[in-house]
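Take a look at the letters that make up each chain.
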Amino acid sequence: MKTKTKPFWYELRLRIEAAIAPMIPLIFIVALVAFGMFTLYQGHKMAQTLTALEREKEELISELTAYRVMEEWKRFEEERR
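Treat the numbers as computed from the prediction; the structure is a model and nothing was measured. (Residues numbered from 1 in each chain as written. Predicted model: local features only at pLDDT ≥ 70, side-chain atom pairs only at ≥ 80, totals over all residues. Heavy atoms only, no water.)

Enquirer: Help me understand the overall build of the chain, please; the structure alone is not making it clear to me.
Expert: In terms of regular secondary structure, the chain is built from 2 helices and 0 strands. Taken against the 2.2 N^0.38 rule, which gives 12 Å for 81 residues, the C-alpha radius of gyration of the chain at 35 Å runs more than 25% over that of a compact globule. In terms of overall dimensions, the chain has C-alpha extents of about 125 × 20 × 10 Å along its principal axes. Sorting the 81 residues of the chain into buried and exposed places 0% on the buried side. For the chain, the accessible area works out to roughly 8,200 Å², and carbon and sulfur atoms hold 68% of it. (Helix = DSSP H or I, 4+ residues; strand = E, 2+ residues; numbered from the N terminus. Rg over C-alpha atoms; globule rule 2.2 N^0.38 Å. Buried < 20%, exposed > 50% of the residue type's maximum accessible area, 1.4 Å probe, protein only. Areas by Shrake-Rupley, 256 points an atom, 1.4 Å probe, with all protein chains shown as cover.)

Written out as structure tokens, the structure reads:
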């Protein structure tokens, strides 16, 4: 009776699976940490953008207020004449 030999790739696959299987939890944890860091980084960038937009808004409001005061002063000067 002749025994059937398994192809070389079958044993190679088993060895690769045996080497990778213990690392699966570690790979999962590393992926979660990387995703968390990426999320924090994106949040930080968004916060910086919002801060810059708030600053710009305040500058525009102050410019608009100054413009309105100037217009009001011009109107007052014209009425006084």
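That shown, we press on.
Enquirer: Sorry, what's going on with the pattern of salt bridges here?
Expert: It is possible for side chains bearing opposite charge to pair when their charged atoms get close. For the structure on display, the rule yields 6 salt bridges. Glu-72 is the partner of Arg-75 in a salt bridge, and the nearest nitrogen-oxygen pair spans 3.1 Å. You can see Arg-75 and its partner Glu-72 sitting in helix 2 (residues 24-80), 3 residues apart, about one turn around the helix. Residue classification places Arg-75 among the partly exposed positions, given a relative accessible area of 42%. (Salt bridge = Lys/Arg side-chain N within 4 Å of Asp/Glu carboxyl O.)

Enquirer: Would you mind showing me how to read the environment of Met-46 here?
Expert: Looking at the element boundaries, Met-46 is found in helix 2. The class for Met-46 is exposed, based on a relative accessible area of 54%. Separated by 34 residues in the primary sequence, Met-46 and Leu-12 have C-alpha atoms spaced 48 Å apart.

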